[in-house]
Amino acid sequence: MAVYSVQAQKTKTEAKTKIVADTIKTPLFNGFTVQGDLISAISSLTSKGETYSYEGSLQADFKHKYLPVLEFGYAGADKLTSDNIGFKANALFGRLGLDFNMISQKKDKKPTNNLFLVGFRLGMSKFNYNITNVSITDDYWGGSQAIPYNNISTTKVWYELVAGIRVEVIKDIFMGWTVRSKSLISKDADGNVTPWYIPGFGINNGNANTAINYTIGYKFQLPFKRKTAVKAKKPNTEIKPDTKPDTKPRNNNQQTK
Amino acid sequence: MYHVTQTDTSRTVASMSIDSITVRGLKYDAATKKYSYMDSVLYNNLKTITKIDLPLHSFELTSAFEVTFNSKKITTNTVTSKNDTILYLNKRDTLIVTHQNTDKYLSLQCGSVKVHSIDTILTTNNFIDSIRITNRKVSNINVENIQIYK
């Protein structure tokens, strides 16, 4: 008779555990993360003002799978070539995109907050730029002409393919890196004046740009999410007493006597 | 430089080598309405030449050149059935090229250059028979723009 009761307790415990595991479902909205990029800030300090960029982002977490992101920042350049040709521009830029978390959450395990992300961005910057000290000299016929390229207004749009990781280093504090390949959507025709630097895109050399970000961010969990997390934990503590008999050594032969 | 051989039934165009050539730019003085030589010579008695590069004026719409040819032409005499050699010594022609000039931005490092579009070419006919414009767009790329025929 006792044997049957132990087996009954076991199946009861398994059933309860299963119910608890099923109740820890990933909510639709898991809060949002505010992040800042360290690499652009550090490289801005080391480039002595030739190029500078400061950027941050706001990323929402849906189902721990889909993470739409808004990146924004301020960047510019103040470049002087060896021939004394100068380039100056600065502006705000923005990028909108979506990341997909490639780490699949297993239902029977506690969901991890770490992320392996792949995604895309659509970036845009509207800015004015100046190119100074451009002149054409006719070596044979003689004469020289200065060509002013002042206050040229332009809007550049580009797309980015990104991949990266985020690791929760302390509770709700995330760090991680992102590698991105940037390509301009519309390219300038041959012979047209083009900006040397595009805020948010980087140096415009006519080809795809690659960049790396190292971000630190804080994840704001929503209050109801915290409550549900606490509620979800409670049944686990209740189960423990039920599971205790299983851990104690039993002599089944004695009980059957 | 090209040479055309034409018979009753055929017309053959062949590249032609000039024994020596001298090319100088001519600048126009609006006050005196006369052309005068530029200080530097573009080609100074250069031997055995098949093509020349002529710099067009970056800031004016006309570029003029004086070309001095030294060449010989060998033809078959139909009466004697022997080769006749015709010598062209110091034959001077003037080329006047009218063109449009446009700024072309290259990059921040290279700056801008002028590119040209040839409108017309006028020539005297002391040595040159005719001229054909093959490509009106003139840039700093090594492309043939005109053909000079003897």
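Reading the values: rules and limits
- Residues numbered from 1 in each chain as written.
- Chains lettered and ligands numbered in written order.
- Predicted model: local features only at pLDDT ≥ 70, side-chain atom pairs only at ≥ 80, totals over all residues.
- Helix = DSSP H or I, 4+ residues; strand = E, 2+ residues; numbered from the N terminus.
- Buried ≥ 20, exposed ≤ 12 C-beta atoms within 10 Å, placed from the backbone.
- Contact = placed C-beta atoms within 7 Å.
- Pairing = 2+ DSSP bridges.
- Axes fitted to C-alpha atoms, helices over the stretch in contact; angles between N-to-C directions.
- Nonpolar A, V, L, I, M, F, W, Y, C, P; charged D, E, K, R; others polar.
- Core = buried A, V, L, I, M, F, W, Y, C linked by C-beta atoms within 7 Å.
- pLDDT = per-residue confidence, 0-100.

What chain B contains, in helices and strands, is zero helices and 10 strands. Overall, chain B shows an N-to-C arrangement of helices and strands of β-β-β-β-β-β-β-β-β-β. Along the longest, intermediate and shortest principal axes, the C-alpha atoms of chain B span 65 × 35 × 25 Å. Looking at chain B residue by residue over its 150 residues, the buried ones come to 13%. Of the contacts formed within chain B by residues at least 6 apart in sequence, a portion of 44% connects residues at least 24 apart.

The subject of this paragraph is the sheet that holds strand E5 (residues 62-76) of chain B. Read across the open sheet, the six strands follow the order E4-E3-E5-E6-E7-E9 (chain B); overall the sheet is antiparallel. The strands lining the two open edges of the sheet, one partner per strand, are strand E4 (34-49) and strand E9 (137-138) of chain B.

Here we come to the sheet that holds strand E5 (residues 115-137) of chain A. Pairing between sheet strands relies on hydrogen bonds along the backbone, with the strands arranged either parallel or antiparallel. All names here are of chain A. Taken in spatial order, the eight strands close into a barrel running E1-E2-E3-E4-E5-E6-E7-E10, and their pairing is antiparallel. With strand direction ignored, the average angle separating the axes of adjacent strands in the sheet is 25°. In the sheet, E5 pairs with strand E6 (residues 144-170) via 20 bridges, with the strands oriented antiparallel. Counted as the bridge partner of Leu 117 is Gly 164 from E6.

A word on the environment of Asn 213 of chain A. Residue and element names in this part refer to chain A. Along the chain, Asn 213 falls in strand E10 (residues 209-220). We classify Asn 213 as buried; it has 20 C-beta atoms within 10 Å. Separated by 91 residues in the primary sequence, Asn 213 and Leu 122 have C-alpha atoms spaced 16 Å apart. When near neighbours in sequence (up to four residues on either side) are disregarded, Asn 213 contacts Asp 37, Ile 39, Ser 40, Trp 177 and Thr 178.

Of note in the backbone geometry, Asn 151 of chain A takes a positive phi value of approximately 50° without being a glycine. Along the chain, Asn 151 of chain A turns up in strand E6. Overall, the presence of 8 C-beta atoms within 10 Å leaves Asn 151 of chain A in the exposed class. Phi is positive for Ser 81 of chain B, which is not a glycine, with a value near 60°. In this structure, Ser 81 of chain B sits in the loop between E5 and strand E6 (83-107).

Bringing the interface of chain A and chain B into the picture now. Each partner contributes residues to the interface: chain A has 18 residues there, and chain B has 14 residues. Sorting the residues of the side of chain A that touches chain B by element identifies E5 and E6 of chain A as the ones contributing at least two each. Each residue belonging to the side of chain A that touches chain B can be placed in one class, and the counts come to 10 nonpolar, five polar and three charged.

Now for the nonpolar core. Counting 13 residues, the largest nonpolar core has Ala 89, Ile 131 and Tyr 197 of chain A as its most contacted members. Broken down by secondary-structure element, the contributors of at least two residues to this core are E5 and strand E8 (197-198) of chain A. Ranked by the residues each element gives to this core, the list is headed by E5 of chain A, at four residues. Discounting residues that sit within four places of it in the chain, Ile 131 of chain A has contacts with Ile 85, Gly 86, Phe 87, Tyr 149 and Val 193 of chain A together with Leu 108 of chain B. Among the nonpolar cores identified, the runner-up in size contains 10 residues, and Ile 18, Leu 56, Phe 65 and Phe 127 of chain B belong to it.

On to the pairing of E10 of chain A. All names here are of chain A. Relative to E10, strand E1 (residues 29-37) runs antiparallel, the two being bridged by six bridges. Bridged to Gln 35 within E10 is Gly 217. Relative to E10, strand E7 (residues 173-184) is paired through 10 bridges, and the arrangement is antiparallel. Residue Val 179 lies in a different strand from E10, and its bridge partner there is Ile 212.

With that settled, the discussion passes to the confidence of the model for chain A. Within chain A, residue pLDDT values average 82, and 75% of them lie at 70 or more. Ignoring residues within four places in sequence, the model shows residues 1-6 of chain A, a span with pLDDT below 50, making five contacts including any to other chains.

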